[in-house]
Amino acid sequence: MSASAANEVRCADAMRSPKIGCQVMEPRAESTAAPRVYLETYGCQMNVADSETISAVLHRAGYVTADAPETADVILLNTCAIREHAEERVLRRLNELARVKNTRPEVKLGILGCMAQNNRDALTEKAAYLDVIAGPDSYRRLPEMLARSGFDPSIDLRLDRAETYADITPDFAPGVRAYVTAMRGCDKFCAFCVVPYVRGRERSIPPSDLMREIRELAARGVKEVVLLGQTVNAYRFEDTDFGALLKMIATIDGIERIRFTSPHPTDMTDSVIDAMATVPKVQPYLHLPLQSGSDRILAAMERGYTVAEYLDLVARVRAAIPNLALSTDIIVGFRGETDADFEATTALMRAVGYDAAFMFKYSVREHTRAYKLGDSVSEEVKGRRLIDLIAMQEEMSASRNRAMVRREFPVLVEGPARRGGGMLAGKTPQYKTAIFRGLEGITAGDTVTVRVDSATGHSLMCSLA
Ligand code: 5AD
Ligand code: SF4
């Protein structure tokens with residue numbers, strides 16, 4: 001059984017772009033008796049990975065997959081709480097799904113994940129038709145909760161410092177790349193961020209479990225693993241730190257590429273840099289969330305580094321890892337951000353020269369340290385700053401990609417390109433999308449050398465070299 005998932009990478013530092021609802025479970029053998037479940041995923045890559053665990057828990061308990069809400073006995077939404085906008089989307093979707101429940105009241109409707117954890121009261125009030133509300137540490141108990149829910153919703157929002165789901169093999173989506181959760185939770189408490197409150201404290205999965213899981217993936221033909229965690233480089237299990245973990249995973253035959261997301265700048269130790277620099281399987285791409293280029297705002301955000309420290313880190317990783325690609329996360333309009341602070345962010349982004357950036361308007365989140373302070377930048381100003389920053393970054397991404405023209409790269413083939421027409425797509429080591437005309441015999445999982453012919457901010461048009 002496998003789970004197919006949409007993308008949106010990470011929650012919080014690791015999980016950024018707002019994601020798209022996706023159907024996570026695939027149809028299993030036909031059965032009239034087994035209850036059918038439909039699961040949609042919102043938010044970051046971590047949520048997509050969690051949905052693969054949820055899918056495994058439910059399959060084990062005898063559920064089969066429904067491919068549409070209309071044919072399901074149970075409808076579940078795995079949700080994101082990182083920004084208000086993400087929550088609004090889920091509420092709109094819930095209203096739509098309530099119609100299914102109106103026609104078939106026996107259908108069970110559940111809300112899972114970060115928004116469930118964040119919003120229990122508002123949810124029970126707004127959506128009286130919910131049968132299950134389960135937070136990120138409660139997925140193991142879902143079958144029990146679904147069986148129990150009756151007139152009142154079954155609610156489980158206990159955060160559990162010990163829950164890692166290490167013993168549950170997720171229903172990994174098919175493909176050459178697999179996302180493997182290495183650590184859960186976050187201890188950083190950045191002033192703007194709700195993640196530590198909804199996902200709880202940091203905990204790492206034992207290396208032995210990760211090795212077992214990744215060996216199984218390799219045996220199934222997976223060539224690339226992406227290790228996930230809100231602050232994945234804070235990974236530590238007994239004596240194994242993240243650098244050591246990368247080195248261990250690199251010993252697994254069949255795994256050709258290793259990536260991770262998202263690291264936190266303050267956990268970017270020499271051990272991690274050394275693993276990136278010396279282990280060829282660890283790919284030269286680093287997502288290094290900056291958030292702001294102003295020291296005043298970084299301090300207010302409680303990020304734990306200054307601009308000078310961040311720049312020093314960038315210089316060290318670039319010196320150690322040739323051809324490194326860098327991406328980042330930026331928040332515009334955090335409380336107190338002046339035009340001068342925003343200009344400092346723009347200037348710093350230009351100075352670093354990111355290959356890509358995920359940029360967001362600040363969204364005040366209940367429970368966070370910055371919540372009580374509220375907003376000081378109007379929506380209009382936030383919007384203008386965001387548009388300016390996106391335009392600047394698009395130019396930067398396009399110019400950095402154009403600098404790749406005429407160069408050659410090894411590309412791990414993922415399959416047909418979306419544009420069709422016999423074109424194939426895959427990623428360069430720097431995680432840039434390469435599109436090229438395939439040849440008979442080249443299939444997903446192969447690594448081919450391509451030469452870049454032209455580039456946009458989003459992809460490289462290539463030919464086989
Ligand atoms: N408002 C806007 N963006 C946020 N992020 C986290 N919390 C907020 C918030 N309250 C962004 C950060 C983080 C990314 C995953 O989401 O940039 O790195
Ligand atoms: Fe990332 Fe900070 Fe949120 Fe933790 S608190 S997930 S480090 S943004």
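Keep in mind the model is a prediction, meaning the values are calculated, not measured.

J.: Before we go on, may I ask you to explain the overall build of the protein in this structure?
T.: Scanning the protein from terminus to terminus reveals 13 helices and 21 strands. Over its C-alpha trace the protein gives a radius of gyration of 22 Å, about what one expects of a compact globule, namely 23 Å for 465 residues. Principal-axis analysis of the C-alpha atoms gives the protein an extent of 60 × 60 × 45 Å. Counting over 465 residues, the protein shows a buried share of 59%. Of the contacts made within the protein by residues no fewer than 6 positions apart, 72% connect residues no fewer than 24 positions apart. When the accessible area of the protein is evaluated, it comes to approximately 18600 Å², of which 51% is carbon and sulfur surface.

J.: So what exactly am I meant to see when it comes to the pattern of salt bridges here?
T.: When charged atoms on two side chains of opposite charge get close, those side chains can pair. Scanning the entire structure with this criterion turns up 34 salt bridges. We note a salt bridge from R36 to D73, for which the minimum N-O separation is 3.2 Å. One end of the pair, R36, is in strand 1 (residues 36-41); the other, D73, is in the loop between strand 2 (64-65) and strand 3 (74-79), with 37 residues separating them in the sequence. A residue is classified by how much of its surface remains accessible, and D73, at 26% relative accessible area, is partly exposed. Notably, a salt bridge pairs R203 with D137, separated by 3.1 Å at the nearest N-O pair. Here R203 is found in strand 9 (residues 203-204), whereas its partner D137 is found in the loop between strand 5 (132-134) and helix 5 (142-148), with 66 residues between them in sequence. For the pair R203 and D137, a shared accessibility class is recorded, and that class is buried. Because the salt bridges share partners, they merge into one network encompassing R177, E224, R259 and E414.

J.: For this particular structure, what's the right way to read the pairing of strand 13 (residues 257-261)?
T.: Both faces of the sheet carry side chains from a regular strand, because those side chains alternate between them. The element strand 13 is extensively covered by neighbouring structure, given that five of its five residues are classed as buried. Of the two faces of strand 13, the one carrying R257, R259 and T261 and the one carrying I258 and F260 are both buried. Bridge analysis of strand 10 (residues 224-228) against strand 13 gives five bridges, and the strand direction is parallel. Bridged to V225 within strand 13 is I258.

J.: Explanation requested: the nonpolar core in the structure shown.
T.: One recurring pattern in soluble globular proteins: nonpolar side chains tend to sit buried together. Formed by 58 residues in total, the largest nonpolar core has its most connected members in V225, L227, F242, L246, I258, F260 and L286. Once residues lying within four places of it in the same chain are set aside, the contact partners of L227 are V180, A182, I214, V232, F242, L245, L246, I249, I258, R259, F260 and T261.

J.: Looking at this structure, I do not really get helix 1 (residues 45-60). What am I missing?
T.: At 3.6 residues per turn, the α-helix brings residues three or four places apart onto the same side. Between its terminal C-alpha atoms helix 1 stretches 23 Å, which fits the 22 Å expected from 16 residues at 1.5 Å a residue. For helix 1, the tally of buried residues reaches 15 of 16 residues, placing the bulk of the element in the interior. Positive phi shows up at G62, right after helix 1, with a value of about 100°.

J.: Can you help me understand unusual backbone geometry in this one?
T.: Most peptide bonds adopt trans geometry, and most residues besides glycine take a negative phi value. In the segment running from T261 into S262, the intervening peptide bond is cis, with an omega of -10°. Considering the arrangement of structural elements, one finds S262 in the loop between strand 13 and helix 9 (270-278). You will see that Y165, though not glycine, has its phi angle at about 55°, which is positive. Residues other than glycine seldom take positive phi values, yet E238 does so here, at roughly 50°. Take E238: it is sitting in the loop between strand 11 (236-237) and strand 12 (240-241).

J.: Before we go on, may I ask you to explain the environment of I273 in this structure?
T.: By secondary structure assignment, the location of I273 is in helix 9. Taking the C-alpha atoms as reference, I273 lies 21 Å from L210; in sequence the two are 63 residues apart. Beyond its immediate stretch of four places on either side in the chain, I273 contacts M268, L313, R316, V317, A320 and I321.

J.: Explain the environment of A356 to me, please; I cannot follow it from the model alone.
T.: Following the sequence through the fold, A356 ends up in strand 16 (residues 356-361). Considering only alpha carbons, one finds A356 and T278, 78 residues apart in sequence, at a separation of 24 Å. Sequence-distant contacts of A356, that is, excluding residues within four places in its chain, are made with L326, S327, T328, Q393 and S397.

J.: What is the right way to read the sheet that holds strand 4 (residues 108-113) from this model?
T.: In a beta sheet, neighbouring strands pair by backbone hydrogen bonds and run either parallel or antiparallel. As summarised here, the arrangement of the six strands in space is 2-1-3-4-5-6, forming an open sheet in which the pairing is parallel. Each edge of the open sheet is held by one strand with a lone partner, namely strand 2 and strand 6 (154-156). Lying over the sheet, helix 1 contacts strand 1, strand 2, strand 3 and strand 4, oriented at roughly 170° with respect to strand 1. Running at roughly 180° to strand 3, helix 2 (residues 84-103) makes contact with strand 1, strand 3 and strand 4 of the sheet.

J.: Is there a simple way to think about the side chain of T53 in this case?
T.: Structurally, the position occupied by T53 is in helix 1. Excluding its chain neighbours within four sequence positions, the residues that come into contact with T53 are Y165, I168 and P170.

J.: It is not clear to me how the pairing of strand 1 should be interpreted in this structure. Could you clarify?
T.: With five of its six residues buried, strand 1 lies for the most part within the structure. Bridging between strand 1 and strand 2 involves two bridges; their strand directions are parallel. Bridge assignment links V37 to a residue of strand 2, and that residue is T65. Where the polypeptide runs from strand 1 across helix 1 and back to strand 2, its parallel neighbour, the crossover connection is right-handed. Where strand 1 lies against strand 3, five bridges are found, and the strand directions are parallel. Residue V37 lies in a different strand from strand 3, and its bridge partner there is V74.

J.: How do you make sense of empty space enclosed by the protein when you look at a structure like this?
T.: Rolled over the atoms, a probe sized like a water molecule indicates the empty space that remains. Summed over all chains, the structure comprises three cavities of 30 Å³ or more. Put simply, the second largest cavity is a space of about 150 Å³. Along the walls of the second largest cavity sit 17 residues, with T164, Y165, P170, T181 and E213 positioned nearest its centre. For the lining of the second largest cavity, the secondary structure elements donating two or more residues are helix 1, strand 7 (177-181) and helix 7 (207-219). Tallied by class, the residues present in the lining of the second largest cavity amount to ten nonpolar, three polar and four charged.

Cut-offs applied
Starting from 1, residues in each chain are numbered consecutively following that chain's sequence as written. All chains are assigned letters beginning with A, and all ligands numbers beginning with 1, in the order in which they are written. For this predicted model, a pLDDT threshold of at least 70 governs which residues receive local features, and a threshold of 80 or more governs which side-chain atom pairs are given and counted, while totals over whole chains, interfaces and linings are taken from all residues. Heavy atoms throughout the structure, all of them, feed into the side-chain values; hydrogens and water do not. Counting from the N terminus, the helices are DSSP H or I runs at least four residues long and the strands are E runs at least two residues long. Note on method: radius of gyration uses C-alpha positions; expected globular size equals 2.2 Å times residues raised to 0.38. Buried residues are those whose accessible area, probed at 1.4 Å on protein chains only, stays under 20% of the maximum for their type, while exposed residues exceed 50% and partly exposed ones sit between those limits. Note on definitions: a residue-residue contact is assigned when non-hydrogen atoms from the two residues lie within 4.5 Å. What sets the accessible areas is the Shrake-Rupley method with a 1.4 Å probe; for residues, cover comes only from the shown protein chains. Every case where a carboxyl oxygen of Asp or Glu lies within 4 Å of a side-chain nitrogen of Lys or Arg is listed as a salt bridge. Pairing between two strands requires that DSSP report at least two bridges joining them. Put simply, buried Ala, Val, Leu, Ile, Met, Phe, Trp, Tyr and Cys residues joined by side-chain atoms within 4.5 Å make one nonpolar core. In this analysis, the expected span of each helix is defined as 1.5 Å times one less than the number of residues it contains. A fitted line through C-alpha atoms represents every axis, and for helices the fit uses only the stretch in contact; the resulting angles, taken between N-to-C directions, go from 0 to 180 degrees. Handedness of a crossover is defined as follows: with both strands directed away from the viewer, a clockwise route from the first strand across the helix to the second makes it right-handed. Only protein atoms enter the 1 Å grid, on which a cavity is a set of points fitting a 1.4 Å probe that cannot get out and a pocket is an open set with protein on both sides within 12 Å along at least 5 of 7 lines, lining residues being those with an atom within 4 Å of a point. Grid points are joined across faces, edges and corners, and a volume is the space filled by probe spheres set on the points. Under the scheme applied here, ten amino acids are nonpolar (Ala, Val, Leu, Ile, Met, Phe, Trp, Tyr, Cys and Pro), four are charged (Asp, Glu, Lys and Arg), and all others, including Gly, are polar.

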